[in-house]
Amino acid sequence: MKTAILTLAATFAAAISLQAQTTLRIRGSDTLGAKLVPQLAEAFKKQGGKVSFDIAAEGSSTAFTNLASGTAEIGMSSRKVKADERTLCRSKGVSLTEYEVAWDMISVVVNKNNPVSDLSKKQLLQIFAGDIKDWSEVGGTPGPISVYTRNTSSGTYKDFIGLAMKGREYGKNSQKMAGNEQIAAEVGSNPNGIGYVGYAYSGAKGLKVASIAGSLPNPATVKSYPLSRPTFLYTSGEPAGTTKEFIDFCLSPAGDAIVSKAGFVPLSIAK
Amino acid sequence: MNSSQTPSRPPLRSVLLRSRKHTILGFDPQKLIKYFFGSNASVAIIVLVLIMVFLMREGVDFLPTYQRELQTYRRAGLEFCDIIDQPLQRNQALSSSLRQALSASLETLSKTARDRRDAAFQLKRQVEDKTARPRESLTQALEKTPPPAPDQIEVLRRELKEAATSAAKSLEYPDLFTAAEREQLQREFAALTPESTDMPPLLQALVAEFSAKDREARTKFAALVTAQEEFEEATEPLQEVLDELKAKALETKEKAVEFEALETNRLRLLEAAAKETDAEEKASLTKEAEASVAEPVNMEERTKEITERTAELREQVEKYAGVVEKAAAELPQEAGTEAARRLINEVRADIPAHAREMRAAAARLDGWRWDKPVSIFSVIGAFFFGTQWITNSSWQDFFGFVPLLTGSLVIAAIAIVIATPVSVVAAIYTNQFASDREKEIIKPIIEFIQAIPSVVLGFIGISLVGNLIKDVSEWSWLQWVPGFPIQERLNMFNAGCLLAFMAVPTMFSLSEDALNNVPRAYIDASDALGATKLQTVFRVIVPAGISGILSAILLGLGRVVGETMVVLLVAGNRIAIPDFSAGPGVIFHPAHTLTGIIAQELGEVSRGSSHWQALFMVGIVLFAISLLVNWCARAVARRFEPHKA
Amino acid sequence: MTPSPSNDNPFAGDNSGIQKRETAARWALRVGSYIVVLITLAIMLHIFTKGAPVAFQSKWPFVNTKFLTELPATLHVIEDQQGNHIETDVNGADAIKKQLGDNFRAEKTISYSGGGILGPIIGTALLVIVSVGVALFLGVACAIYLSEYAKHGKFLEMVRLAILNLAGVPSVVFGLFGLGAFVLTAPKFVSVVAERSVLAIPLGFTTLSFEGWDTCVLSGGFTLAFVILPVIITASEQCLQAVPQGFRETSMALGATRWQTIRYSVLPFATPGILTSSILGIARAAGETAPIMFTAALAFKDKLPWQKDMPPLPVDASIFAHWEQSVSRFLGIFTESVQALPYHIYTLAAKIPQNEYAERAQYGSVFVFLVLVASLAASSVMLRKRLRAKYRW
């Protein structure tokens, strides 16, 4: 009888501990969520983390809406949280904890047949704001410029405004694409296209990375490249249990290795 | 349950039918069954009403929310800045024209040099692409510590050399280079090693050649160069003042928004605390509420700081207008090419209007009042007639519905123009001419199209149709078509074609039904009069079935406007009113649509925000459009109905 | 048509202009119709040639079982110094890299392109089961009313108008409706009422709160049910109407009540037809993307809906405990968000690069999806034809 009770208690305890490691729901940035975080998750599971992942990547804004409504454990963001988002979370009783996971460099890409390979910062601004409309204005073959940007909820969309456009709006002629890969595909097939993608995506077919004011994105130059930015993971409150384990894994040397393999710059280099 | 037993003899009818009256809670079960089915029948009505209710519930607050936002936009002084900023955008367009004119002029002299330089670099990159693997191995070997044995490096060097030589040989050298130059290029490319950081001599020479030509061209068109620079720099002092004001206004706005959010939160928490019975919870809620405070913003004072500088701003505008007008007068008559001359003339003609506009804007500054209320009608106007859909902006979000509507309508028009003739022709042929065997092929295949999911067609649009249209547009003998060669493979025409394909089965089946419904007597009468088959078809049958065909087209239109996945994937997602000045070629431009914007943005916005509500407003409009189209289709079918014989 | 007098042979063709015009017009119409047919066939052929090699293989069992029985995963492509590409998944990558040693050159990863599409297939199946279950119940009941009970009048007219209009509502509007109605407001039993609840009715042991079901199979299934409702109603009504009036009259004449007539003399003959036409509804429900975008679908999920981390069964648990857990596990399937085939194809089309590896996943999924939907539609048409031959009255 006693043993029976003991086994029952033991299984019960085991059951509870098992239930505690259910699912990590991760929401947010496409830059992080289409490549880096799934790979971190797969590696985390492989090295023994008993957890299942549930990842949706529609843009950094979704990280905060989901954290605020409690439908995500971890939010991925390619930009710092905005004041109004922090307020939103605070109003729902969620205080955000921020972790820098990796650095990304926004690469400006043009078609590989485009003779233009260097743009000044001013030209870059003017192209994306729609002031420069023709490649001949920046020394290229005459032809109207097709500008591809990310969708509005993307952190890259917002970061680019801050880093390259001094807060100006994108021009009306810009096309809003669902993800980095779609921009890469369109620029790769349009000789007059220009767009920006995360550094991890700049190696796609038919693309050429343009240097900005003479500087090309490169892990070694992450500090001096004008369009470098940190990327973040956010949790609601202080993380605990599996969430904490996963975050710790991301920041560990093993995580760094995956970060650089996925085409980001690990903190150890960026710092 | 009780059988009705009366002391008197039961009526004959009930004996014959042996009807035993069952009742459930006093109701006749047959009635109950009937009501059960009847209530299920009303499900369709209920669902329609529910759709309306839920769309309204989420969307109806949009107008007040947007009104509040526009109010903040005005009170914080953002509108004030935009009075000057909006017309100033025109400067950029004019500068762009001037830059284009300049570069076209310079090209008359430097084009060959530039092409040679670009071609050489292109070739060099091709060689580098082709030799990437051996070069990488060599680089790695060179960087290794301790360095590998020299002979190993030598092997790698030789490999690279071989690869480079064969790559350089296999290149196609354009005619821009002479035979000697080609040979030299080939030699230089073959000698490329990872250590050499210097450009090969011929490339250097080509770069130098271009800069010399460019310098020469710039001296020749010096007047144009200076005019262009002057024109572009003219905005700077004005922009500086404006940027200062804008930063100030933005700060005010952000503070106001934060205050509002925290204040609503505080009230909500206090309300919850008032309801809470548990003392501990109550205390914690109250404490939380107390923490959620921000300083209220004195809009009046802050906007005053902005409006105080009106005079300075006006002065700058006046100065700017003067500079621009002077630049217009100094614009040279001469330019390198006809196109450049035309551009310059256009700019010259536009500048006075631009300067006038700027001055008018400056004059409006005085009339601007920070506390003028935003009426609900202007909000409705801003939504239904607004030409800007800007969201997640760092300046101000605008929800103007016109760019999306025009995108949807143009795409629908393209689809209908393509689908109508095809499906009506197919319907006439299958119904009147085809043999039974042909019918058995044509009908199922066309009806099969209906089963193809729209997302599959969207995928086909991205992976197949887009490239196909782009390739076709590059054929030289098709260059007379407006808009060819096209740039973006994702465009309205592409989406229109796929939507036409989707609409064909609906329109085909309904048109065929309409032709089928033409009374037999009409056809017999026509035959009896000795009409040929063709005459019977086009003068009797089609006119008699025209109501059905028209309503088929309208229902097809409804399907096309409401389709989501194809336009989301294929239309190109450019939120701007298509540039109709480009003529019929406009159909090859990208656009965004009503359905596409909902699918793209709804998943990403926080619930209850103005953006969320705006998307539900778009949903309400779509719902209304679908009801309207349905109503029209029915009305048309009734209006033209032939009098049945 | 009068034969021209100059012609000796009265049976020879008529060469007059009218005849020529007639033939020309006939040919123009024929060409016009065949263009549509040809385009359809071309698209099918394109998908088939690109997709079939992914779904099938030349060796036994001829079907690519890996593609059909695995969950989507990231594809790792490892390149060695000689330019050979090795494809593997996350578990195999390290071993291969170790094996290559110095020969290793680069590793590329392509999301969603490895593994198979089992997750999306299961998700779509679940959505279809829920939606068709709901739609059949409501739709057939509605059709019975329309065909057996309704008399001409205002109500009937309104119902018919509503069905027509419902059929025309854009699918993305259904998505908005599903989001508002099922995800955010549908009633459910909870112990703690969420803040967004519209209305909470305390029931003593639990609370019925209108706070929505969140994104899950149920929300998506109900939304889809209303999308296909008009299809089901129309098809069912046609089948009921096709049962000869004589059957009903005979039954009524024998003294059966209205319900008995329907139950024993109408439904048995209409049911096969209703079921076959409802397959069309399945095809439609399986193919819709916009309604499930905000109500059920997920871009990536590494588990099947029933693979949850549940506590293991106690060793000496009673039957009851076992039963309870099985039920909750079963119901849990419907409260999960799932991957669905159409949404998966959307993800594949918009979010991953276009190269030869991704193309395989893209065309493979499209091919399987199309085959599923098309075979459903085709079987519906075929069965209907056979039924028509069987029940010829």
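Going along each chain's sequence as written, the residues are numbered from 1 onward. Chain letters start at A and ligand numbers start at 1, both assigned in the order the entries are written. Residue-level local features of this predicted model are given only where pLDDT is at least 70; pairs of side-chain atoms are given and counted only at 80 or more, and the full residue set underlies all totals for whole chains, interfaces and linings. Where side-chain values are given, they derive from all heavy atoms of the structure, hydrogens and water being excluded.

So, the overall build of chain C
Where we set the bar: The secondary structure listing takes helices from DSSP runs of H or I that are at least 4 residues long and strands from runs of E that are at least 2 residues long, numbered from the N terminus. Any residue under 20% of the maximum accessible area for its type is buried, any over 50% is exposed, and the rest in between are partly exposed; the area is computed with a 1.4 Å probe on protein chains only. When checking whether two residues touch, look at their non-hydrogen atoms; a contact exists if any pair is within 4.5 Å.
Check the secondary structure of chain C and you find 13 helices and 7 strands. Across the 393 residues of chain C, 51% fall into the buried class. Considering only residue pairs separated by 6 or more positions, chain C has 74% of its internal contacts joining residues 24 or more positions apart.

Comments concerning the overall build of chain A
We count it as follows: Under the convention used here, Asp and Glu are negative, Lys and Arg are positive, and both His and the chain ends fall outside the count. Charge positions come from single atoms, namely NZ of Lys, CZ of Arg, CG of Asp or CD of Glu.
Assigned secondary structure in chain A consists of 10 helices and 11 strands. When burial is assessed residue by residue, chain A has 64% of its 271 residues classed as buried. A separation threshold of at least 6 residues defines the contact pool for chain A, and within that pool the share at least 24 residues apart is 74%. Here chain A contributes 30 positively and 22 negatively charged side chains, and the mean placements of these two sets differ by 1 Å.

Focus: the interface of chain A and chain B
We count it as follows: Simply put, the buried area is the total loss of 1.4 Å probe accessible area from both parts when two parts are fitted together. Any carboxyl oxygen of Asp or Glu that lies within 4 Å of a side-chain nitrogen of Lys or Arg is treated as forming a salt bridge with it.
If you look at the interface, chain A gives 51 residues, while chain B gives 47 residues. Both sides together, the interface formed by chain A and chain B hides about 3800 Å², and carbon and sulfur atoms give 40% of it. Here chain A is connected to chain B by 3 salt bridges. Residue Glu137 of chain A pairs with Arg99 of chain B through a salt bridge whose shortest N-O separation is 2.7 Å.

As for the sheet that holds strand β3 (residues 104-115) of chain C
All names here are of chain C. The test is simple: Two strands make a pair as long as DSSP finds a minimum of two bridges between them. Fitted lines through C-alpha atoms give the axes, limited to the stretch in contact for helices. The angle between two N-to-C directions lies from 0 to 180 degrees.
Here we have 3 strands laid out as an open sheet, ordered β2-β1-β3, and antiparallel in their pairing. Of all strands in the sheet, those with a lone pairing partner are β2 (85-88) and β3, marking the two edges. Taken pair by pair, the neighbouring strands of this sheet meet at an average axis angle of 20°, ignoring direction.

What to know about the sheet that holds strand β4 (residues 187-190) of chain C
Residues and elements named next belong to chain C. Strand order in the open sheet formed by 3 strands is β4-β6-β5, and the pairing between neighbours is antiparallel. Two strands in the sheet have a free side with no partner beyond their single neighbour: β4 and β5 (200-202). For this sheet, the mean inter-axis angle between neighbouring strands, taken without regard to orientation, is 25°. In the sheet, β5 pairs with strand β6 (residues 207-210) via 3 bridges, with the strands oriented antiparallel. Considered in β6, the bridge of Ala200 is made with Ser209.

So, the packing of aromatic side chains
Note the cut-off: Two aromatic rings from Phe, Tyr or Trp, using only the six-membered ring of Trp, form a pair when their centres are within 6.5 Å; if the ring planes differ by under 30 degrees the pair is stacked, by over 60 it is edge-to-face, and anything between is tilted. Charges are assigned to positions over rings by a cutoff of 6 Å between ring centre and Lys NZ or Arg CZ, combined with an angular limit of 35 degrees from the ring normal.
Taken as a whole and judged by the stated rule, the model has 45 aromatic pairs over all chains. An aromatic cluster of three or more residues is present, and its members are Phe36 and Phe37 of chain B together with Phe137, Tyr145, Tyr149, Phe155 and Trp259 of chain C. It is Arg30 of chain C that lies over the ring of Trp27 of chain C; its NZ or CZ is 4.6 Å from the centre. Taking the ring centre of Tyr264 of chain C as reference, the NZ or CZ of Arg263 of chain C above it sits at 5.1 Å.

What about the confidence of the model for chain C?
All names here are of chain C. Applied cut-off: Every residue is assigned a pLDDT by the predictor, reflecting its confidence on a scale from 0 to 100.
Of all residues in chain C, 90% have pLDDT values of 70 or greater, and the mean over the chain is 82. Between the elements of chain C, mean pLDDT differs from a low of 68, seen in helix α11 (residues 319-333), to a high of 92, seen in helix α6 (residues 171-183). Taken together, the chains of this predicted complex give a pTM of 0.87 and an interface ipTM of 0.88.

Focus: the nonpolar core
Stated precisely, the cut-off is as follows: Each nonpolar core is a collection of buried residues, namely Ala, Val, Leu, Ile, Met, Phe, Trp, Tyr and Cys, held together in the definition by side-chain atoms within 4.5 Å.
In terms of nonpolar packing, the biggest core is built from 300 residues, with Ile84, Trp389 and Val456 of chain B together with Tyr346 of chain C touching the most fellow members. Here this core takes 18 residues from helix α4 (residues 118-149) of chain C, the largest share from any one element. Not counting residues within four places of it along the chain, the set of residues in contact with Val456 of chain B comprises Ile47, Ile345, Val366, Phe369 and Leu370 of chain C. Counting 32 residues, the second-largest nonpolar core is a separate cluster that includes Trp103, Phe128, Ile132 and Val147 of chain A.

Here we look at the domain arrangement of chain C
Residue and element names in this part refer to chain C. Rule in force here: Throughout, the edges of the domains are those of an automatic or database domain assignment. Polar contacts here mean pairs of N or O atoms no more than 3.5 Å apart (in protein, one a potential hydrogen donor and the other a potential acceptor; neighbouring residues in sequence count only if both atoms are side-chain atoms). When residues are sorted by character, Ala, Val, Leu, Ile, Met, Phe, Trp, Tyr, Cys and Pro go into the nonpolar class, Asp, Glu, Lys and Arg into the charged class, and all the rest, Gly among them, into the polar class.
Considered domain by domain, chain C is made up of domain 1 (22-55), domain 2 (72-115) and domain 3 (118-325 + 332-390). Once you take the C-alpha centre of each, domain 1 and domain 3 turn out to be 33 Å apart. Contacts between domain 1 and domain 3 engage 9 residues on the former and 8 residues on the latter. The junction of domain 1 with domain 3 conceals about 720 Å² of combined surface from both sides, 83% of it contributed by carbon and sulfur atoms. Broken down residue by residue, the surface that domain 1 buries against domain 3 is led by Ile47, Lys50 and Val54, which jointly contribute 57%. Between Lys50 and Glu359 there is a salt bridge; the shortest N-O distance is 3.5 Å. There are 2 residue pairs in polar contact (both at pLDDT 80 or more) connecting domain 1 and domain 3. Within the side of domain 1 that touches domain 3, the residues separate by chemical class into 6 nonpolar, 2 polar and 1 charged.

Details of helix α18 (residues 436-449) of chain B
Condition: A helix's residues, less one, multiplied by 1.5 Å, set its expected span.
For α18 of chain B, with 14 residues, the first-to-last C-alpha span of 21 Å sits near the 20 Å given by 1.5 Å per residue. In this structure, the buried residues of α18 of chain B make contact with α17 (402-433) and α20 (492-516) of chain B together with α1 (17-55) of chain C.

Concerning the interface of chain B and chain C
How big an interface is tends to be reported as the loss of accessible area on association of its parts. Each partner contributes to the interface: chain B provides 78 residues, whereas chain C provides 85 residues. Across the chain B/chain C interface, buried area totals approximately 7100 Å², and carbon plus sulfur atoms make up 76% of it. The largest contributions to the chain B side of the interface with chain C come from Phe37, Arg133 and Phe459 of chain B, which together make up 10% of the buried area. Summed over the shared surface of chain B and chain C, the result is 1 salt bridge. Where Glu438 of chain B meets Arg30 of chain C, a salt bridge forms, and the shortest distance between an N and an O atom there is 3.3 Å. Looking at the side of chain B that touches chain C, the element that brings in the most residues is helix α3 (residues 43-59) of chain B, giving 11 residues. Among the residues forming the side of chain B that touches chain C, the class breakdown is 51 nonpolar, 15 polar and 12 charged.

Observations concerning the pairing of strand β8 (residues 193-198) of chain A
All names here are of chain A. The element β8 is largely enclosed, with a buried count of 6 among its 6 residues. In the sheet, strand β6 (residues 146-150) pairs with β8 via 3 bridges, with the strands oriented parallel. By the bridge assignment for β8, Tyr148 is matched with Gly195.

Things to note about helix α7 (residues 150-170) of chain B
Residues and elements named next belong to chain B. Heads up, the rule is: Directions from the helix axis toward the C-beta atoms define the arc.
Counted at 1.5 Å a residue, the expected span for α7 with its 21 residues is 30 Å, and the 30 Å between its end C-alpha atoms agrees. Those residues of α7 that sit buried are Ile153, Leu156, Leu160, Ala164, Ala167 and Ala168. Down the axis of α7, the smallest arc covering the buried residues is 100°, so these residues share one side. Residues of α7 that are exposed and point over 90 degrees away from its buried face: Asp151, Glu162 and Lys169. Those residues of α7 that are buried are in contact with α5 (78-130), α6 (132-143) and α8 (179-190).

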